[in-house]
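Tertiary structure, described
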Amino acid sequence: MDEKVLQAELQTKVKKSLSPLFLKYHLDSSNLEAMLKWKPIVLVIGNYSSGKSTLINELLGQDIQRTGQAPTDDSFTIITACGVGEGAKKIPGSTLVNDDTLPFGSFKKFGERFMSHFLMKKMETPILENMAIIDSPGMLDSVTEKDRGYDYMAVLGDLANLADLIVLMFDPHKAGTIKETYTAIRSTLPEKSGEDRIIFVMSRVDECDNLSDLVRSYGALCWNMSQMTGRKDIPHIYLTYAPGEAESSDILAPLAQERDQLMTKIKSAPGFRVNHILEDIDKQVNELQLVCEAMTRFSHRGWQLFAKTSKIAFLCSVLVFFFGDMLIQSAISYPGETLFAALKEGTQNADHFILPACLMALTISLAWFIFSRFVFSGLRKKCAALSQDLVVLDSEYKKNLWTKMQEKVQGLLAKATTRELWAGHSRNLSKIQMFLTSDLQHYYDKIR
Ligand SMILES: Nc1nc2c(ncn2[C@@H]2O[C@H](COP(=O)(O)OP(=O)(O)OP(=O)(O)O)[C@@H](O)[C@H]2O)c(=O)[nH]1
Ligand SMILES: [Mg+2]
């Protein structure tokens with residue numbers, strides 16, 4: 001099946017069936033909707049002057065990005081193909097974040113300063129027909145959020161979240177010792193992207209004087225990587241160079257093939273888009289399912305308490321109906337004849353029922369007040385304190401998911417009103433389970 005058609009089908013499905021559920025449980029699905037809106041994205045990030053822009057220019061066969069020694073670029077630039085009948089042009093960030101057809105609406109939150117460092121370049125190139133490539137400001141050592149004027153790491157995280165491939169670039173001069181690179185590898189990227197969506201590249205290898213110099217730089221990068229990722233297994237690091245910049249040497253000859261592999265990998269990013277969308281839907285719907293499961297169990301316990309309270313309230317209201325007016329009569333000598341006495345004498349009329357009916361209504365109202373004010377809010381607090389009891393954590397996957405979602409559930413419980421009892425959580429849970437077991441599998445089957 002055509003991937004674009006499948007993406008459109010998924011977009012409709014998410015919008016119609018899943019988004020209302022995410023909204024109901026106060027979960028953010030905006031990244032899913034954003035990802036479904038547009039074309040596949042390759043994000044190029046890394047140390048300053050590591051050759052990001054040079055690599056992009058080469059890939060596109062045009063000098064579209066400025067290059068140079070020392071930090072050169074301070075903007076996030078989205079480069080993509082012109083639309084039908086459109087010429088090459090630049091679109092400013094303020095327009096991009098307000099364009100509903102693009103996935104950057106949520107980037108408005110990063111403020112004016114960011115928007116002046118955000119732009120799109122449209123150019124004529126067949127490679128970008130079904131792909132966009134994002135060039136980014138180089139990562140620096142001694143820069144703070146204040147210096148940049150916006151939260152660079154957060155922007156990077158949100159772009160990484162949308163990207164199908166992240167190319168993380170180093171060079172032999174500074175093999176991974178940059179502070180922002182460390183933060184990106186240590187926390188931003190693992191939170192916002194999948195391990196399999198990141199490739200590591202060491203560029204400018206022609207600048208190594210000889211093979212042993214290259215091996216030393218490569219070793220230093222591997223060592224730094226293992227420190228940064230906390231992993232023992234070192235991922236593949238593509239060694240590359242820009243032929244336009246490099247003078248031919250013995251160490252470059254065997255790397256030509258690796259260079260081609262890197263270019264092929266970047267160009268093949270669009271092929272993973274639908275799979276990535278499905279993975280993201282899968283992950284987020286599982287989170288939604290866990291939250292819904294907790295709320296279903298909470299509302300079930302609420303119903304049990306409500307049933308108990310109702311039974312007691314019914315019993316009390318029957319007693320009050322028949323005998324309540326007797327108590328009042330003994331205190332204030334009203335009414336002249338109680339309902340019970342009138343029933344016994346056979347003299348009852350409609351007037352005898354007015355006070356008992358009022359007392360009965362009062363008792364039911366009082367019971368509801370006690371339930372909502374004390375019983376229900378007691379349950380709410382108890383469930384929030386022992387929220388893990390609301391879910392069955394029968395696998396490591398669910399335990400990890402719960403660590404992430406527990407706070408969300410506690411937030412929902414803190415705000416829960418008695419309306420939660422009628423909110424249809426178990427019906428929602430069935431819908432979610434149905435989606436995961438049937439619909440999602442069906443989509444996975446389509447791309448296999
Ligand atoms: N010798 C050599 N020089 C390169 C190579 N790649 C890039 N350069 C040079 O290195 C410098 C930095 O390259 P850029 O492409 O501007 O690096 P960048 O990562 O985009 O830098 P910022 O945008 O500042 O973060 C430029 O002067 C390039 O000409 C390479 O493979 N070999
Ligand atoms: Mg650059």
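Residues numbered from 1 in each chain as written. Chains lettered and ligands numbered in written order. Predicted model: local features only at pLDDT ≥ 70, side-chain atom pairs only at ≥ 80, totals over all residues. Heavy atoms only, no water.

1. Let's talk about the layout of surface pockets
Of the voids in this model, the largest pocket is the one considered here, and its volume is about 930 Å³. Taken together, 32 residues line the largest pocket, and the ones lying closest to its centre are Asp28, Ser30, Asn31, Asn161 and Gln284. Sorting the residues of the lining of the largest pocket by element identifies helix H1 (3-24), helix H2 (30-37), helix H7 (152-162), helix H8 (179-192), helix H11 (273-332) and helix H14 (396-415) as the ones contributing at least two each. The element best represented in the lining of the largest pocket is H2, accounting for 6 residues. Among the residues forming the lining of the largest pocket, the class breakdown is 12 nonpolar, 7 polar and 13 charged. Residue contributions to the lining of the largest pocket reach at least three from each of two domains, namely domain 1 (40-267) and domain 2 (283-447). (1 Å grid on protein atoms, 1.4 Å probe; cavity = no way out; pocket = protein on both sides within 12 Å on 5 of 7 lines; lining within 4 Å. Points joined across faces, edges and corners; volume = space filled by probe spheres on them. Helix = DSSP H or I, 4+ residues; strand = E, 2+ residues; numbered from the N terminus. Nonpolar A, V, L, I, M, F, W, Y, C, P; charged D, E, K, R; others polar. Domains from an automatic or database assignment.)

2. Digging into the nonpolar core
Judged by nonpolar contacts, the single largest core of 55 residues is most densely connected at Phe76, Ile78, Phe104, Phe107, Phe114 and Leu168. Per-element accounting of this core gives the leading share, 7 residues, to H7. The contacts of Phe76, once residues within four sequence positions are left out, are Phe114, His117, Phe118, Leu119, Asp135, Ser136, Pro137, Tyr150, Tyr152, Val155, Leu156 and Leu159. By size, the runner-up hydrophobic cluster in this structure holds 45 residues, among which are Met35, Cys383, Trp402 and Leu436. (Core = buried A, V, L, I, M, F, W, Y, C linked by side-chain atoms within 4.5 Å. Buried < 20%, exposed > 50% of the residue type's maximum accessible area, 1.4 Å probe, protein only. Contact = heavy atoms within 4.5 Å.)

3. Observations concerning the confidence of the model for the chain
When pLDDT is averaged along the chain, the result is 92, and 98% of the positions lie at 70 or above. Per-element averaging of pLDDT across the chain places helix H6 (residues 145-148) at the bottom with 74 and strand E5 (residues 132-135) at the top with 98. (pLDDT = per-residue confidence, 0-100.)

4. Here we look at a nonpolar patch on the surface
On the surface, Leu319, Phe322, Phe323, Phe340, Leu343 and Phe353 cluster together into a nonpolar patch covering about 500 Å² of accessible area. The set of elements that each furnish at least two residues to the nonpolar patch consists of H11 and helix H12 (339-345). Here the nonpolar patch gets 3 residues from one element, more than from any other, and that element is H11. What makes Phe323 partly exposed here is its relative accessible area of 38%. (Patch = residues over 30% accessible without salt bridge, like charges linked within 9 Å, V, L, I, M, F, W, Y side chains within 5 Å. Areas by Shrake-Rupley, 256 points an atom, 1.4 Å probe, with all protein chains shown as cover. Salt bridge = Lys/Arg side-chain N within 4 Å of Asp/Glu carboxyl O.)

5. As for the pattern of salt bridges
Throughout the structure, instances matching the rule amount to 18 salt bridges. Here Arg259 ties to Glu58 by a salt bridge, and the two come within 2.4 Å at their closest N and O atoms. One end of the pair, Arg259, is in helix H10 (residues 256-267); the other, Glu58, is in helix H3 (residues 52-60), with 201 residues separating them in the sequence. The class for Arg259 is buried, based on a relative accessible area of 9%. The class of Glu58 is partly exposed, set by a relative accessible area of 29%.

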